[in-house]
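Tertiary structure, described
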Amino acid sequence: MVAVKNICCVGAGYVGGPTCAVIAYKCHHIKVTIVDLNQQRIDAWNSDKLPIYEPGLEEIVFDRRGKNLFFTTDVDNAIKEADLIFVSVNTPTKKTGLGAGMAADLAYVESATRRIAEVATSSKIVVEKSTVPCRTAESMRTILDANATKDICFDILSNPEFLAEGTAIKDLLNPDRVLIGALQTDQGIAAQNALAEVYKNWVPEENVITTNLWSSELSKLAANAMLAQRISSINALSAICEATGADVDEVAYACGRDTRLGSKFLKASVGFGGSCFQKDILNLVYLSTQLNLPEVAEYWKQVYTLNEYQKKRFVKKIISTLFNTITNKRIAVLGFAFKKDTGDTRESAAITLIKDFIQENAHVAIYDPKVEREQIYMDLIEPSILDSREQVEKSITICPSAYEAAKDADAVVIVTEWDEFKSNELDYQQIYDNMHKPAFLFDGRLLLDAAELRKIGFKVHIIGKNELAGTA
Ligand SMILES: NC(=O)C1=CN([C@@H]2O[C@H](COP(=O)(O)OP(=O)(O)OC[C@H]3O[C@@H](n4cnc5c(N)ncnc54)[C@H](O)[C@@H]3O)[C@@H](O)[C@H]2O)C=CC1
Ligand SMILES: O=C(O)[C@H]1O[C@H](OP(=O)(O)OP(=O)(O)OC[C@H]2O[C@@H](n3ccc(=O)[nH]c3=O)[C@H](O)[C@@H]2O)[C@H](O)[C@@H](O)[C@@H]1O
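Note that this is a predicted model, so its numbers are computed, not measured. (Residues numbered from 1 in each chain as written. Chains lettered and ligands numbered in written order. Predicted model: local features only at pLDDT ≥ 70, side-chain atom pairs only at ≥ 80, totals over all residues.)

What to know about the site of ligand 1
Taken together, 27 residues lie near ligand 1, and Gly-11, Gly-13, Tyr-14, Ser-130 and Thr-131 sit nearest. In terms of residue count, helix H5 (residues 107–119) provides more of the shell around ligand 1 than any other element does, three residues in total. (Near = placed C-beta within 6 Å. Helix = DSSP H or I, 4+ residues; strand = E, 2+ residues; numbered from the N terminus.)

Shown next, in the form of structure tokens:
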């Protein structure tokens, strides 16, 4: 087995950047070059302000950059030099054509693979890091094999990434498991071992799992689908709680104490967001349909449908509580990112909610500690509608603090669970004093203590809780 000395990562995004920065940090003997076609993104990786916010990322990048960690747009040279290449490009849901709205768009994976095939002058281990439909490695192999010669061969591995945003560095430094799939041939297993050796520089051997290629590819979609399924399950129960007086936190705790169920990922919310859950569930639904398994497709589709329902249910609750109209009312939205500790807004529930508020002619005041102003506009503007930017600018105000957003508001809506929105961090009395009365507070993240807020004077609605809870 040949030891890996030079790694190239194609795609300097939320996965490629942190993942390969951590490899460089833990393996000083390996040169790691992260490449991207996006010059702006690479410039940011080479600057003092990295293109993504992730706790602990700066320390690692600043420690290794220029030593054994490099960021460049010179894709071809990095490919040529590398003995192992991670393909960590985006695989969004297809927007048009066959499978639009469901299937993963594999155009970026294919073009990265073709580039590797075209410019490689020595043998390479090519690693699928992107999340892809099961059997994508086969298409990659066909492309690469078409360019193989008697001196150059390509091995393909699947090594899906399980990090979550906001805790990426922690997850990468101490992963529950690292999964490496390979063709179960002598050559495939040798490549699998070579990558396993890289991880074993810091991951305990028993946490490095090896499987066949297809199990590895499917495990990634399965893990995301099951995680999202738990959220949809608890969110479905949150609706029952609101209707009955059961408390969703208590139900989650009582269920989670069963060690067979476990306590994690049972936090009811306004709906899951993020770049992957929705995309990967739809990807699994499409795969099942393609495999002529309609019942299986329908089963997983329900996880997505319930999530859409949860967002709409929250909006409806807000409108009905505000006397069935929010026209010309000021709604303060606290949080725009899809979860705390990230500036990422992809598929954030905030986007759906705010678009609905704008449709109802409300004025929306938004505050998020990490999301850039321009990002908020980009997420809310409908490119297909003329003058959309103008309309959005008229309908929203982006505020520098939660206090500014809540000033003169009729309702405050908590959408992201940032710690700074907790009762002990934010002065809710001050917020209440500066709002229109009656002052409404909607908590989509079960962050606040309703009793305390009611004492101040707020009319409170918390997802999964009923005002009459505990009464006969
Ligand atoms: N964001 C996350 O937390 C996680 C994402 N994933 C998966 O990892 C993959 C990447 O996701 P992100 O990093 O979030 O995407 P991203 O969009 O942040 O980054 C992808 C990067 O690849 C670049 N790229 C595309 N085609 C290229 C090419 N041919 N050559 C060079 N660069 C190219 C793009 O310019 C972009 O900067 C996706 O398949 C995703 O499903 C997996 C686990 C976690
Ligand atoms: O493939 C991916 O992209 C990644 O997707 C998720 O990670 P991520 O989307 O970054 O963040 P999560 O912590 O999973 O949160 C996703 C969404 O679910 C919500 N959520 C999470 C947990 C919970 O109990 N309740 C809940 O509503 C979060 O607020 C967020 O909107 C998975 O957790 C990662 O393992 C996976 O690698």
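Some details on the packing of helix H9 (residues 213–244) against helix H10 (residues 248–256)
At a minimum axis separation of 9 Å, H9 and H10 run at an interaxial angle of 135°. In terms of their interaxial angle, H9 and H10 are classed as oblique. Once H9 is placed against H10, the crossing between them reads as right-handed. Of the residues in H10, those in contact with Ile-234, Leu-237, Ser-238 and Cys-241 of H9 are Val-248, Val-251 and Ala-252. When its residues are assigned to classes, the contact of H9 with H10 shows six nonpolar, one polar and no charged. (Axes fitted to C-alpha atoms, helices over the stretch in contact; angles between N-to-C directions. Parallel < 35°, antiparallel > 145°, perpendicular 65-115°, else oblique. Left-handed = near helix turned anticlockwise from the far one by under 90°. Contact = placed C-beta atoms within 7 Å. Nonpolar A, V, L, I, M, F, W, Y, C, P; charged D, E, K, R; others polar.)

So, the UniProt feature "domain: UDP-glucose/GDP-mannose dehydrogenase C-terminal" (unreviewed entry) in the chain
Per the UniProt annotation, the sites labelled "domain: UDP-glucose/GDP-mannose dehydrogenase C-terminal" (unreviewed entry) are residues 332–450. Overall, residues 332–450 shows 33% helix and 16% strand. The separation of its end C-alpha atoms is 18 Å. (UniProt positions renumbered as here; feature names shortened; annotations may be inferred.)

Remarks on the sheet that holds strand E13 (residues 440–443)
Within the open sheet, the six strands sit side by side as E11-E10-E9-E12-E13-E14. Their pairing is parallel. Each of the sheet's edge strands pairs with one partner strand only, and the pair in question is strand E11 (396–398) and strand E14 (459–462). Geometrically, the sheet is characterised by an average inter-axis angle of 15° between neighbouring strands, direction not taken into account. When strand E12 (residues 411–414) meets E13, the two strands line up parallel, connected through four bridges. Across the sheet, Ala-411 pairs through a bridge with Phe-440, a residue of E13. (Pairing = 2+ DSSP bridges.)

Some words on the site of ligand 2
Close to ligand 2 lie 21 residues; Lys-267, Ser-269, Phe-272, Gly-274 and Cys-276 are nearest. For the shell around ligand 2, a count of residues per class yields eleven nonpolar, six polar and four charged.

Re the nonpolar core
Of all hydrophobic cores here, the largest spans 141 residues; its most connected members are Ile-85, Val-333, Leu-334 and Val-413. Residues from two domains meet in this core; each of domain 1 (6–203) and domain 2 (246–462) gives at least three. Look past the residues within four positions of Leu-334 in its chain and what remains in contact with it is Tyr-367, Ala-402, Ala-405, Val-412, Val-413, Ile-414, Val-415 and Phe-421. (Core = buried A, V, L, I, M, F, W, Y, C linked by C-beta atoms within 7 Å. Buried ≥ 20, exposed ≤ 12 C-beta atoms within 10 Å, placed from the backbone. Domains from an automatic or database assignment.)

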